[in-house]
Structures are given as C-alpha cells and as structure tokens.
Amino acid sequence: MEKGTFLLVSIMIIFALAPVYIKAQGERIVRLEDLDITKITQGWGKPQKNLSVDGNPITINEKKFDRGVGTHATSRMIIDLKGGAKSFSAYVGMDDEIKKEKGSVSFRVYADEKKVFDSDVMKKGDTAKEAKADLTGANFLYLIVTAGGDGINFDHADWADAVIVMDEKSDAMPEAIDQPKKEKYILSPGERGAPRINCPDVIGAGENKDFLYYIPIVGRRPLDVAVFNLPNGLIYDSESNSIKGKTSSKGDCTITVTAKNKFGEDKKSFDLRVGAALSQTPPMGWNSWNCWGCAVDENKIKAAADAMAASGLINHGWSYINIDDCWQGKRDETTKKINSNEKFPDMKELADYIHSKGLKFGVYTDSGTKTCGGYEGSKGFEKIDALRYAEWGVDYVKCDWCNTEGMEPEPAYTIMGEAIKECRRDIVFSICNWGHKNPWEWGAKVGGNLWRTTGDIVDTWESMSKIGFSQARLAQYAQPGHWNDPDMLVIGKVGWGPNLRDSRLTPDEQYTHISLWCLLSSPLLLGCDLTQLDNFTLNLITNDEVLAINQDKLGKQAQCLINENDIQVWVKNLADGSKAVGIFDAADRDILLDDGIEFKLRWEDIKLTGKQNVRDVWKQHELGEWRDAITVKIPEHGVKLLKVTPVL
Ligand code: GLA
C-alpha cells in the first residue's frame, strides 16, 4: 500500500471505529433540563428549562450557557438514577440577572446519603464552578441549593450544562421524583364527650363598653351551663351561651362557670379585668389574607364564620373572624366616612351575622394613604374610620404600613390607637409594620395589643422556621394585653388568592409551627380556608392542652435555653409553676432523614433540679417521673412538646 493510501485508510478506520470507541467509554448522556423539572421544590418562583428562574438566558459572571436549569434557593431535586449512572457534572453559580449585589447560595450534590460535591458559599459575580461527582453504584442523586446562610432573598441559582453520564450498558432512564411525602398523623386524642370549659384564666374588658363573650366549652350537647358571680351590668344569655352587657365595676372580678352533660361535668373560674387592656391572653381567630388574599368577599367571610362555629373551633376558644385587605370602597364626599366596596354590600349586617354566631369581627386598614393592595388607607381619617368601624360593630382592627413614605410609625400608630380607644366598643388594636422601628418598644404605649415583628410569612419551612426561631430576643416585651406577633398561621389550605392548595409544610413542620407559636405566646390567627379543614388540620388546632400553653395567664414568652447541633429547646414558664418545653429539630438539612433524632434533655440545662413529672402535651399522655433527664426522639423538623412539673 502506498504511503498516501495507507494514511487515508487509517483515517477511515479511525472514523469508523470512533462511535465504537465512544460507546466503549459509556458516554450516554442525560441532560438535567430534559428530566421533569417541575418536581424541583424551591423557595421562590418556578424551575426553568435552559433559562434562569426569571426567564433570562442562563448567565454566570458574564458567561452564557445555552442549557441547564434555573432555580431559586432553597431548592431540592431528587433523581432516581434507575441503576447505571456513572457521573454528574455541571457548572454552578448565581445568575447575573440579580441586579443587587446581594444574596448567596451553595450548591451541593449527594449520591444517596454521601455528599460528593459542595461549592461552598457563592455570591453574584463569582465565576461558575465545575461540579463533578462520581455516581457509581448510587441509586439516587440529590441536587441541593441552600440559602448560603443569609436567607433566600435574591438567590437565583443555575445548574448550567448539567448532565448525568450513564453507563452505556444500561438502558435505564433517570427520573426526577417527588419529594418524599410524610404521612399526616394525628396526635391529639380528640374530644372525650365530657365537658371541658376552655375560657382563659383572665379576660380584659373596657369599662362601660359593650361586652360580648361566648363561653367556649367542648363536650357532647346538650350541656347544662351556669355562670356565677357576674359583675353588675353583665348577664349570661343561655340561648347564645354568651356573657353580655356593660359594666362599670372597675377591677378584677372572679366569674365561675359550670357545665354538665351525661358524661360528666367541669368547673372553671376566670378573672374579668374591667378597665385592663384587651387580649389579656393572645387573640385567637381567623384572617382572610393567607387563603383568599384580595379574592375575599362577603360570602367567604360568612362561610368562615359558619365553619368556625360548625366545626366546633369556637368551643376551643377561636373567636375572631377578620377581613384583611381589599374590602374598602370610596369615602363619602362630604362626611369622609369610608364605605366598603361592592364585594361587601353591608358591613353592619355582616358584623351582626358574625356576632350572632358568638364570634367577633375584625377589619384591616393602613396607616398610609393606601393599603398594600392599593385600597383607601386611613391617613388623616383615623378618627372617622375608628368611629365607622365601631358603628358597624367591629371588634378588632389591623393597621398596616404600606404607602407611608416620610411617616414615623410611633406617632402614626398613636393617632390610630387613640381613635380606637375613644370608641364605645372594645376594639383590639393590631399594629402591622413588620417590626420597623421596634414596635415592641412602643407598641403597648400607643395602645397596641399586638405588633408584627417580621415581614410576611409563607408556607415554607424556611419562612416559618426563620420567623419562629428568631423571636427569642423579643421575649421581654410579651405581657398580658400586649404581644409580639410573628404573623399568621400557614397550615391547612392556603393560597393568597382565588386558588387554594395544601400548605407546603410537612406534617411535622406543622406540629412545630403550632407548638412554637403557642410557646411564644403569639396571637393565633388561622390563615386557611375553614370550610375545608381535614382531620389532621382540625386536630392541630383543637388540642386544648396545647392551646392552654398559648393562653396561659402569666403571659410569658418562651426562651430558647438550648441550641445544640440544631436542636433548640424553648421553655415557657406557666402560671401553675410548671414549664412548657418544646424540643425542636431546627436543622436546615439537605437530605431528609427517615428516622428521628434522639435528644437527652438534662433538667439542669433548663434550670430545673430534682424529680420532674413529664406530660406529652400533644398526646395528652403522662410520661411519668424523671430524675435528672429525659431522652426523647424528635422527628425531622418536628417537635416534642412537654409539660414538666416539679415533683414536690
Ligand atoms: C401586608 C401585611 C399582610 C397583609 C397584606 C395585605 O403585606 O403584612 O399581613 O395584610 O399586607 O395587603
């Protein structure tokens, strides 16, 4: 063969063999964006194929990538490799689309439970890092984006040019799968038939103001109820099961209630503090925002009131039915009185309807010119508005802080606080300025019964746990009549608009949410559709021993006494000398654990000595006497809520 011919033949043979050669290397490639990326869970927005989370071309430090997946912290994708995967590779980084130099993330890759890549913290402007990971023998691939330790804001994160390399001998096709669903499980034992009177130990009432109090009692009907020692001016109306009237007997008066049915009887005394602040215990009720947002209307409010009564929630102490934003119409041209819009044809009739069920009625306004939803605000009309609310029969006013440019919160809330105080009705005053200028320092002085401490909550672990576990520094400000408000509950069906969905919190995260809010003496405002309560949700919010921790008359907010390897122990001193103790798994874990975490709680670490009687509060079950410590198992992101009482 001639030299030239030999070269040509050789080149032809190499080309002919090339595919064989590549096959022999097992280079069958599966691109990440070709999997079902809707299975990705993320803290904000939606996962995008070949684009950033905001829908722009994927760009990391000015380098463009044609392919990949754009997501947002915190994000988790789980891929069932179906056997035969060899490796994973990608370029990772924060997308350039974030205008501010803020935010940070880290990318982590796990082959089953083994971490095989960690980018460490990355910021905007960092060059893409190459993520390479061996997947030999692995069943599952986990792609995680964490918030980088500074919350999820601005965390636009890209998995660019991301591929799974498969062994060519395997024809398996990797598949993105749903996050493991944890079963909803019920801990509360439920009603036992015999009566239980659920009044708090102390109730505040205005002097000479209209008083209406439905007596919450669980137990099989019919009930035989009697009320003793009412002060002058108040009567018990058995038909509505309510205490009504007006009293001028300033000071404390101890009222006793008895209730009997064929299963047993109960007796309870509580102090009526006439002239003291309202909400001597944290307010309990419902607010329209977390479910309906601006899609709220009169029918939805009436349906919530019907459901609060019919579901029996009312007998566990839940009482307020509050309309949030988007009910306002125009002011009257001459009187400047605020009117409701067409979705609320008659506010007085609505208030009467709610009261006829034994419930209380709340509305929302804003300190600025307009509400957050763009409706009429109260700025300059505080007195007129407060009187209007009183005329309708309003019992609770939430006052927001949108559109307040150039205003100082303390003087602004002072004006509304005074306007409310001058009304002839008892009206709870809820300050909602998201913690701006420390409302906990002046909120009580301006007449606030509660004040928001943070921005808005959403139904994710990141949001709920960040808000809840950050309340420790405010403990000293909580007291009867005046409460820190870490925002409304995000359990059940929520949606902030016309379409509702199940809360994204796992069942254990929901136990954490309720337990923590009770320990924190937080206002308890349900944010879900009350007409669609499943058994799990109903049991979460009707456990009277759990709610009693929230309603305890000392009004102390729990303190975090232990924070060890992400286990946090929060302790609330109760009026009877015992302590409510919540042991929480507060970890931001990349991979969900199947089993719980064991924790040994030593009495000395929570300022206790000697033998203690321990009760599991969710189960309402005695765990016996424990000398120096108790070991418990905490579910992932879950809680063990105990009542610990010294054995004398
Ligand atoms: C703010 C408040 C929310 C809700 C909305 C209504 O964001 O913090 O609780 O009231 O406004 O627009």
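What counts as what
Counting of residues starts from 1 at the beginning of each chain's written sequence and follows it residue by residue. At least 70 in pLDDT is required for a residue's local features to be given in this predicted model, at least 80 for side-chain atom pairs to be given and counted, and no such filter applies to totals for whole chains, interfaces and linings, which use all residues. Each side-chain value is worked out from all heavy atoms of the structure, with water and hydrogens disregarded. A run of H or I in DSSP counts as a helix once it spans at least four residues, and a run of E counts as a strand once it spans at least two, with each numbered from the N terminus. Only protein chains enter the calculation, and the probe is 1.4 Å; a residue is then buried if its accessible area is under 20% of its type maximum, exposed if over 50%, and partly exposed in between. We call two residues in contact whenever any of their non-hydrogen atoms come within 4.5 Å of each other. Calculation of accessible area relied on Shrake-Rupley with a 1.4 Å probe; when residues are assessed, cover is drawn exclusively from the protein chains displayed. Positive charges come from Lys and Arg, negative ones from Asp and Glu, while His and the chain ends are left out of the count. For charged residues, the charge sits on one atom: NZ in Lys, CZ in Arg, CG in Asp, CD in Glu. Any two cysteine sulfur atoms within 2.5 Å of one another count as a disulfide. For helices, the fitted line uses only the C-alpha atoms of the stretch in contact; every axis is such a line through C-alpha atoms, and the angle between N-to-C directions lies from 0 to 180 degrees. In what follows, roughly perpendicular refers to angles from 65 to 115 degrees, roughly parallel to angles under 35, roughly antiparallel to angles over 145, and oblique to any angle outside these ranges. Left-handed describes a crossing whose near helix is turned anticlockwise from the far helix through less than a right angle; right-handed describes the clockwise counterpart. Only Asp, Glu, Lys and Arg are considered charged, only Ala, Val, Leu, Ile, Met, Phe, Trp, Tyr, Cys and Pro nonpolar, and every remaining residue, Gly among them, polar. Confidence of the predictor at the level of single residues is captured by pLDDT, which takes values from 0 to 100. A pair of strands counts as paired when DSSP detects no fewer than two bridges linking them. N or O atoms within 3.5 Å of each other form a polar contact, as long as, within protein, one can give a hydrogen and the other can take it, and as long as residues adjacent in sequence are counted only when both atoms are side-chain atoms. By nonpolar core is meant a set of buried Ala, Val, Leu, Ile, Met, Phe, Trp, Tyr and Cys residues that side-chain atoms within 4.5 Å join together. For the domains described, the bounds stem from an automatic or database domain assignment.

A. The overall build of the protein, seen in detail. Looking only at helices and strands, the protein has 11 helices and 43 strands in total. Per-residue burial for the protein yields a buried fraction of 55% across its 648 residues. Sequence-distant contacts in the protein: of pairs separated by 6 or more residues, those separated by 24 or more amount to 73%. Put simply, the protein shows about 28100 Å² of open surface, and 49% of that area lies on carbon and sulfur atoms. Charged side chains in the protein number 81 positive and 95 negative. The centres of these two groups are separated by 2 Å.

B. Up close: the state of the cysteines. Scanning the model with the defined rule gives two disulfides in all. What pairs with Cys 294 in a disulfide is Cys 326, and their sulfur atoms sit 1.8 Å apart. Of the two residues, Cys 294 sits in the loop between α2 (289-292) and α3 (298-310) while Cys 326 sits in the loop between β25 (320-322) and β26 (328-331), which places them 32 residues apart along the sequence. Cys 294 gets classed as partly exposed once you look at its relative accessible area, which sits at 33%. For the protein, numbering the cysteines in disulfides from first to last along the sequence yields the connectivity 1-2, 3-4. With no disulfide of its own, Cys 528 lies closest to Cys 291 among cysteine sulfurs, the gap being 6.9 Å. Its relative accessible area of 0% is what places Cys 528 among the buried residues. The structure places no disulfide on Cys 560, whose sulfur is separated from the nearest cysteine sulfur, that of Cys 518, by 17 Å.

C. Expanded view of the packing of helix α8 (residues 461-468) against helix α9 (residues 507-519). It is at 11 Å that the axes of α8 and α9 come closest, and there the two elements cross at 25°. The pairing of α8 with α9 is recorded here as roughly parallel in orientation. Classified by chirality, the crossing of α9 by α8 is left-handed. Within the contact between the two elements, α8 uses Trp 461, Met 464, Ile 467 and Gly 468 and α9 uses Glu 509, Thr 512, His 513, Leu 516 and Trp 517. Looking at the contact of α8 with α9, its residues break down into five nonpolar, three polar and one charged.

D. Representation of the confidence of the model for the protein. For the protein, mean pLDDT is 94; residues scoring 70 or higher make up 96% of the total. Counting contacts from residues 13-24, a segment whose pLDDT is below 50, to residues more than four positions away or on other chains yields two contacts.

E. Structural context of the pairing of strand β5 (residues 68-72). For β5, the tally of buried residues reaches five of five residues, placing the bulk of the element in the interior. Pairing of strand β2 (residues 48-49) with β5 involves two bridges; the strand directions are antiparallel. Looking at β5, one finds that Lys 49 is bridged to Val 69. As paired elements, β5 and strand β13 (residues 156-166) share five bridges and run antiparallel to each other. If you follow Gly 70 over to β13, its bridge partner there is Asp 158.

F. Spotlight on the side chain of Asp 324. Checked against the element boundaries, Asp 324 lands in the loop between β25 and β26. For Asp 324, a relative accessible area of 3% corresponds to the buried category. Of the polar contacts made by the side chain of Asp 324, one reaches the side chain of Lys 398; its length is 2.8 Å. Setting aside anything within four residues of it in sequence, one finds Asp 324 in contact with Asn 287, Ser 288, Trp 289, Tyr 364, Lys 398 and Met 488.

G. Seen up close, the sheet that holds strand β43 (residues 639-646). The six strands are arranged β36-β37-β38-β43-β40-β41 in an open sheet whose pairing can be described as antiparallel. Whereas interior strands pair on both sides, the edge strands pair on one side only; in this sheet they are β36 (559-564) and β41 (621-626). When strand polarity is set aside, the average angle formed by the axes of neighbouring strands in this sheet is 25°. Two strands pair when backbone bridges link them, and strand β40 (residues 612-616) and β43 are joined in this way by five bridges, in the antiparallel orientation. Across the sheet, residue Arg 615 finds its bridge partner in β43, namely Lys 643. With respect to the sheet, α9 is in contact with β37 (567-573), β38 (579-585) and β43, its orientation differing from that of β38 by roughly 145°.

H. The arrangement of the nonpolar core in detail. Trp 286, Trp 318 and Trp 327 are the most contacted members of the largest nonpolar core, which totals 87 residues. Counting residues domain by domain, this core receives three or more from each of domain 3 (284-557) and domain 4 (560-646). In this structure Trp 327 touches Ile 338, Asn 339, Ser 340, Asn 341, Phe 344, Met 347, Val 363, Tyr 364, Tyr 389 and Trp 392, once residues within four positions along its chain are discounted. One finds Leu 32, Ala 73, Ile 98 and Leu 141 within the second-largest nonpolar core, a separate group that totals 36 residues.

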